[in-house]
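Each chain, letter by letter, is given below.
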Amino acid sequence: MKAYFFIIALIFMPLSGTVINHHDNHVSSYIFGMIKAVHTLVFTCTYKEAAKGIKQLSSFNTFMKIVNLKSSKCMEALFTPKVHAKTSIFIDCRCIEAGDVLHKGSNGMFFNKTYQWMLWDAANKCLPLLYKLKNIGPNAQLIKVHRQNSTFVVSDCHSKGRHLNAALEFIQLANFFSNGSSTILDYIDRTQNIYCRDNFNGLLLKAATVIDQDNITSNIEIEDILSRSHKESGVAAFAKYHYALFCILRERFNFTVKFRNARGWAGKLGNSSLRLGYIGIMQRNEADVGASASYNRINRFDFFDILHQGWKLETAFIYRLTPNIGYKNLKGDFFAPFHIYVWFIMGGICLLLTVVWMCIEYMVSKKTDQFTAVNVIPVNVVGAICQQGMDPSPMGISSRIISLTTFVFSLIFYNYYTSSVVGGLLGNTVEGPSTIDAIISSELKVSFEDIGYYKILFQYNKTPRIRKLLEKKVLPHRGPKDLPVYTHLEDALPYVKKGGHAFHCEVVDAYPEIAKQFDVSEICDLRVVFGLLESELLNFVIHKNSPFTEIFRIVMRRAVETGLDKRILKQRQPEKPPCSNLYTVYPVDLTGTFSAFIFLAGAIVSSLVLCCIEGLFKVQVQVFKCQLQ
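Report follows, based on the coordinates. Counting from 1, residues in each chain are numbered in the order their sequence is written. Note on the predicted model: pLDDT of at least 70 is required for a residue's local features to be given, and 80 or more for side-chain atom pairs to be given and counted; whole-chain, interface and lining totals, by contrast, use all residues. Note that the side-chain values use all heavy atoms of the structure and ignore hydrogens as well as water.

1. A short note on the state of the cysteines
We call a pair of cysteine sulfur atoms a disulfide when they lie within 2.5 Å. One pass over the structure, following the stated rule, counts two disulfides. Linked covalently through their sulfurs, cysteine 93 and cysteine 126 form a disulfide whose S-S length is 1.9 Å. The S-S bond linking cysteine 93 to cysteine 126 shows a torsion near 100°; that makes this disulfide right-handed. With cysteine 93 in the loop between strand S4 (87–92) and helix H4 (98–107) and cysteine 126 in helix H5 (residues 126–131), this residue pair connects regions lying 33 residues apart in the sequence. For the residue pair cysteine 93 and cysteine 126, the accessibility class agrees, reading buried in each case. Bridging cysteine 524 to cysteine 579, the disulfide has an S-S length of 1.6 Å. For the purposes of this entry, the term helix denotes a DSSP run of H or I that reaches at least four residues, the term strand denotes a run of E that reaches at least two, and both are numbered from the N terminus. Partly exposed describes any residue whose relative accessible area lies between the buried limit of under 20% and the exposed limit of over 50%, with all areas from a 1.4 Å probe on protein chains only and scaled to the type maximum.

2. What to know about the sheet that holds strand S12 (residues 289–290)
The strand order across the open sheet formed by three strands is S11-S10-S12, and the pairing between neighbours is parallel. Since the sheet does not close on itself, it has two edges, and those belong to strand S11 (256–262) and S12, each with one partner. Paired strands are those between which DSSP finds at least two bridges. Bridge analysis of strand S10 (residues 204–210) against S11 gives seven bridges, and the strand direction is parallel. Opposite valine 210, over in S11, you have alanine 262 as the bridge partner. It only takes one pair of heavy atoms within 4.5 Å for two residues to be counted as in contact. For helices, the fitted axis covers only the stretch in contact; all axes are lines through C-alpha atoms, and the angles between them, taken along N-to-C directions, range from 0 to 180 degrees. Sheet strands in contact with helix H7 (residues 219–227) are S10 and S11, and its direction is about 80° off that of S11. Running over the sheet, helix H8 (residues 237–253) touches S10, S11 and S12 and is turned about 160° from S11.

3. Observations regarding the sheet that holds strand S19 (residues 526–530)
As summarised here, the arrangement of the five strands in space is S17-S16-S18-S15-S19, forming an open sheet in which the pairing is mixed. Lying at the two open borders of the sheet, with one neighbouring strand each, are strand S17 (486–487) and S19. Relative to strand S18 (residues 501–506), helix H14 (residues 452–460) is tilted by about 110°, and along the sheet it contacts strand S15 (315–320), strand S16 (445–449), S17 and S18.

4. Quick look at the pairing of S15
Taken across its six residues, S15 has six buried, putting it largely inside the fold. Here S15 shows no split at all, with Thr315, Phe317 and Tyr319 on one side and Ala316, Ile318 and Arg320 on the other all buried. Bridging between S15 and S18 involves five bridges; their strand directions are antiparallel. Each residue of the ladder has a partner; that of phenylalanine 317, found in S18, is histidine 504. Looking at chain direction, S15 and S19 are connected through five bridges and run antiparallel. Across the sheet, the residue bridging to arginine 320 is leucine 526, located in S19.

Structure, rendered in structure tokens:
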């Protein structure tokens, strides 16, 4: 694992055909005392002489592997993160093939905190080789040992960025003299840490960002837009957050920057594998650091190193709950307080009650010779259920018990019914569409923020849900007065406030504008539906094995530990405006009252039909009487 070991290029002890001597012991003791390597790889062209150093190096508890540079051994197999121990690799610059090893190390981005190099420069041939390398940066762990007469000089070597034409910097660490004395000027770990390499002295770095606006190319325009605290069209909220992280790096390391702006984050050129946008720029190492962010994708981990994860992307549909979006307010429905089977049982009980009452009246009439008319008993049952009077009043005790219990029965059910209706109207139980599929099936018209990743979503994502959304909500023709498919937040919120529209954007962008344009009750009516885009932590990225990866990671980690990252998040992620109403009364729409109107209309029609039948019957009776006369 790269994070748990070092491959360190250390010293090859033989000098010009001699066996390791007293001075070499001082050098090796100093080096191994600082590095404490347990595995040594020796690259040399004098294989037999290298073997003489095994005995001395074994005293430092290090395993040794000697590689003859003149052999055809594959160098890529040796530069690998699969060695699970601290490993030291020595390169003898006297060998002609040493330049090839260093060149491969540079091209493979091995000059970083994962790999620490040491060069033996007995013949002063290392410097020309080092100046040819393009990927030595501030993370380089490189020690050069050269001989001046009978003195060994140990120096640390690094650069702020050779690929940016920065100079090689040498810091003298120790001198070992021929008389056995030594001068320790500095320790290796002290000169190779961030405090010794944190000043880039105005070095010009390249950075990539995303602003989806026309003709934004200059540094002044880009930094002016990204540094503003309010919402900008074509700029994602997370882009401004990652720009703030980039500013922390710039201030900490004292470098200048040349921005390259992209209109979008991803995409491909036709059917080719060439990536476009921000991801393509970072993948091809056309920028030293990104001032925007990247989604977590498996196919991106081979191209990027992650510096920091702090911003959780949360995008959602935002709409206002109004009666015209087609939701069903069941609490306002005439029949909703009771299930349908309860209504059927109530009707059966009323019918049974009528029959029993008629039977009781019939039995009482046998004894008293008084019988209540049959058509009066059903009216009395309806009157009792409706908590009205009875005419005539029941005569028998059993009939009176039935009428009394009917009154109590209707009172209990009436309390249940009215409390359910009133509670449903006053309570916040109406939710509206709560999933993406429900949004697609609803009457809501949808729009999206005019920013690059939505267009990429519909172009490359072919999932059934996206296709359905595209066919039903995006592609259908819109009138000149309708909200466009892609629009800006300030244009979309008035439509959302009016109702019937859902706008998809990053929610932290919408909250400040909602607080300005919506009153308290309207905020309570807002609904948020997540799920179209994944909600996950975004990556602050840099090119894979960049010379700046480890040193930038340290600063980002300390920004988290000191709370600076949390402070920026609090500034860039405002909370949703609170809903201050204790309750919201949702009006009952036609859907909720339809059953009541049908019931009333049925009763009116039945009344008219019976009235006609009754009138016709009376006419026929009068005609019959006239005929009899």
